[in-house]
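# Architecture at a glance
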Amino acid sequence: MSADRLQSAKRVVIKIGSALLVDEAHGTVHRKWLEALAEDVAEMKARGQDVILVSSGAIAVGRRYLGLADGPLKLDEKQAAAATGQIRLAHAYQEVLGHHDITVAQVLLTLDDTESRRRYLNARNTLGAILRLGAVPLINENDTVATDEIRFGDNDRLGARVAAMASADVLVLLSDVDGLYTANPNVDDTARHIAEVDAITPEIEAMAGGVASSVGSGGMVTKLAAAKICLQNGCAMAITLGADERPLKRLSDGAQATWFRPSMTPASARKRWIAGSLQPSGRVILDDGALSALKAGKSLLPIGVTAVHGTFDKGDAVVIEDKNGVELARGLSAYSSDDAQKIIGRKSSEFEQVLGYRGRDELVHRDDMALS
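Residues numbered from 1 in each chain as written. Predicted model: local features only at pLDDT ≥ 70, side-chain atom pairs only at ≥ 80, totals over all residues. Heavy atoms only, no water.

### Notes on the sheet that holds strand S13 (residues 282-286)
With respect to topology, five strands assemble into an open sheet ordered S14-S13-S15-S16-S17, the strand pairing being mixed. On the outer flanks of this sheet lie strand S14 (305-310) and strand S17 (369-371), each paired with one strand and no other. Strand-to-strand twist of the sheet, defined as the mean angle between neighbouring strand axes without regard to direction, takes the value 20°. Contacts from helix H12 (residues 266-276) reach strand S16 (327-332) and S17 within the one sheet, and its direction differs from that of S16 by about 110°. (Pairing = 2+ DSSP bridges. Helix = DSSP H or I, 4+ residues; strand = E, 2+ residues; numbered from the N terminus. Axes fitted to C-alpha atoms, helices over the stretch in contact; angles between N-to-C directions. Contact = heavy atoms within 4.5 Å.)

Here it is, written out as structure tokens:
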């Protein structure tokens, strides 16, 4: 299953933990390991796959350069260490991937970026543009500005949020364990490895242990929390050993792992969320031409909209209706109601003159729309 699912995925998110990437004693990057990972990424890119990297390690690297002592850090010290380490991590990734003519694009996120619909949509569009242009997004939590109240808390869940945001097919958690066991295999000789999981049940949650690494902040509990997010969003997830070189190739070749299998695709999960989980803030009315385009599976362009009702922000849900008031779809608006009012009935070439900036061609993209 692992080889088929990983190799056939169109878009893969890879989460890399601090313990794999950083030498705890010296605060340096495990360069040989990272070079081998870059070979895996290059092979995936050569297969035509989109790859997104979610990397920990900035604080672990930066604290050494700042001379911070071992042990817990205060929030401002963490932020300073992150600011120092992040630039070094990004440089290391660009160097190893640059050998394969792959460009790296750094993206820093906070929890609020994934929960505010407007910021979520901006981040999703940015990731889409980076991938469309052939680069590899390198993502980390924005530790330099995040506070305890808005932190992800671990990069397992950050990886899952990114996978959901990017409509990824697979999230791979490169870990210091090769998957989920019925009990802690370090203390229980009877512990059995679980190869596949279809749902996060109370029995599955009971198998989770505590934090295994002194460098990282995640344990099996956070990995199961990440799996929940993935399954809800139609994304498969794998937990596998990352310490050996070429971990993604090993996973493709059938290395032991736990695979969490979703019951739907990312696209169908997203459309179900749009259709049933969001309260619409406004309505848009279509002309006959836009109605035909919508039924043909195309996006909604402002030129085909005759009226906008209600007050909404960019990223809010709107109901899409025909001229008789019949609901046709629901979707996320790429413009606020004020801006939408200015561009309805117009061609995209006129948007910049009217709005003062050039936004998206679509008012509601087909990927952000669920037909009624």
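### As for the sheet that holds strand S12 (residues 257-260)
Across the sheet, eight strands lie side by side as S5-S6-S4-S1-S7-S11-S12-S10; this open sheet has mixed pairing. Looking at the sheet topology across the chains shown, the edges are occupied by strand S5 (104-109) and strand S10 (196-197). Strand direction decides the pairing type here: S10 and S12, joined by two bridges, are parallel. Residue valine 197 lies in a different strand from S12, and its bridge partner there is phenylalanine 260. Contacts from helix H5 (residues 75-98) reach strand S1 (11-16), strand S4 (50-55), S5 and strand S6 (136-141), with the element oriented near 150° to S5. Here helix H10 (residues 220-232) sits on the sheet and contacts strand S7 (170-175), strand S11 (236-241) and S12; the angle it forms with S11, its principal contact strand, is near 155°.

### Quick look at the packing of helix H8 (residues 155-165) against H10
It is the contact of H8 with H10, at a shortest axis distance of 8 Å, that shows an interaxial angle of 10°. It follows that H8 is roughly parallel to H10 by the angle criterion. Every residue of H10 that contacts H8 at Asp156, Arg157, Ala160, Arg161 and Ala164 is listed here: Thr222, Lys223, Ala225, Ala226, Ile229 and Cys230. Considered class by class, the residues forming the contact of H8 with H10 number six nonpolar, one polar and four charged. (Parallel < 35°, antiparallel > 145°, perpendicular 65-115°, else oblique. Nonpolar A, V, L, I, M, F, W, Y, C, P; charged D, E, K, R; others polar.)

### Here's the deal with the packing of helix H4 (residues 58-65) against H5
Two numbers describe a pair of packed helices, the interaxial angle and the distance between the axes. Remark: H4 packs on H5, axes separated minimally by 6 Å, with the N-to-C direction vectors making an angle of 100°. One finds that H4 runs roughly perpendicular with respect to H5. Contacts between H4 and H5 pair Ala58, Ile59, Val61, Gly62, Arg63 and Tyr65 from the former with Lys78, Ala81, Ala82, Thr84, Gly85, Gln86, Arg88 and Leu89 from the latter. Its residues assigned to classes, the contact of H4 with H5 comprises seven nonpolar, four polar and three charged.

### Notes on the packing of aromatic side chains
For any pair of aromatic rings, geometry is given as the distance between the ring centres together with the angle between the planes. Counting across every chain of the model gives three aromatic pairs. A cation over a ring is seen here: arginine 88 above tyrosine 65, with NZ or CZ 3.8 Å from the ring centre. (Phe/Tyr/Trp six-rings, centres within 6.5 Å; stacked < 30°, edge-to-face > 60°. Lys NZ or Arg CZ within 6 Å of the ring centre and 35° of its normal.)

### Digging into the nonpolar core
General note: in soluble globular proteins, nonpolar side chains tend to be found buried as a group. Among the nonpolar cores identified, the biggest contains 40 residues, and Val162, Leu171, Met237 and Phe260 are the most heavily contacted of them. The set of elements that each furnish at least two residues to this core consists of S4, S5, helix H7 (117-132), H8, S7, H10 and S11. At seven residues, the largest contribution of residues to this core is made by H10. Residue contacts for leucine 171: discarding those within four places in its chain leaves Val13, Lys15, Gly159, Ala160, Ala163, Cys230, Cys235, Ala236, Met237 and Ala238. Counting 39 residues, the second-largest nonpolar core is a separate cluster that includes Val12, Leu37, Val41 and Val96. (Core = buried A, V, L, I, M, F, W, Y, C linked by side-chain atoms within 4.5 Å. Buried < 20%, exposed > 50% of the residue type's maximum accessible area, 1.4 Å probe, protein only.)

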